[in-house]
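Remarks on the overall topology
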Amino acid sequence: MARFQRLTRDDLTKFTRDELLPRLEAEQQYWARKEKRGLSAVDRQARKEFSDLVHAVINPSELADSMAETTAWLKGERTSDSTYFKEKPDPHQR
């Protein structure tokens, strides 16, 4: 099995949410294993950066808007479904 690559802020401009989700899951498993052994100060800072990246990818307020769009689409009130998972989550592109 290939070793995963840790996510970077630059990845938010390169990949869509669909592409980032498997990488988020892999890195979350990495941190779960590492936390069981204990985190150094450097690890804690890197773990915090990962948490910030997760929040940027998921973006709860944007996800809520996307769910509302999808619901409207399912009800026939909108012509297309949300593009939330097809977007790149870079917050600076808005």
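Further up the page is the structure itself.
This one's a predicted model, so the numbers in the text were calculated from it and none came from an experiment. (Residues numbered from 1 in each chain as written. Predicted model: local features only at pLDDT ≥ 70, side-chain atom pairs only at ≥ 80, totals over all residues. Heavy atoms only, no water.)

1. Description of the nonpolar core
Listed in full, the 11 residues of the largest apolar core are L7, L12, L20, L24, Y30, W31, A46, F50, L53, A56 and V57. Those elements that place two or more of their residues in this core are α2 (17-37) and α3 (41-58). Not counting chain neighbours up to four residues away, the residues in contact with Y30 comprise F4 and R6. (Core = buried A, V, L, I, M, F, W, Y, C linked by side-chain atoms within 4.5 Å. Buried < 20%, exposed > 50% of the residue type's maximum accessible area, 1.4 Å probe, protein only. Helix = DSSP H or I, 4+ residues; strand = E, 2+ residues; numbered from the N terminus. Contact = heavy atoms within 4.5 Å.)

2. As for α3
Note: α-helices contain 3.6 residues per turn, so residues at a spacing of three or four share the same orientation. For α3, spanning 18 residues, the distance from its first C-alpha to its last is 26 Å, which sits close to the expected 26 Å at 1.5 Å a residue. Taken together, the buried positions of α3 are occupied by D43, A46, R47, F50, L53, A56 and V57. (Expected span 1.5 Å × (residues − 1).)

3. Some thoughts on the side chain of R47
By secondary structure assignment, the location of R47 is in helix α3. Sequence-distant contacts of R47, defined by excluding residues within four places in its chain, comprise Q28, W31, E35 and L39.

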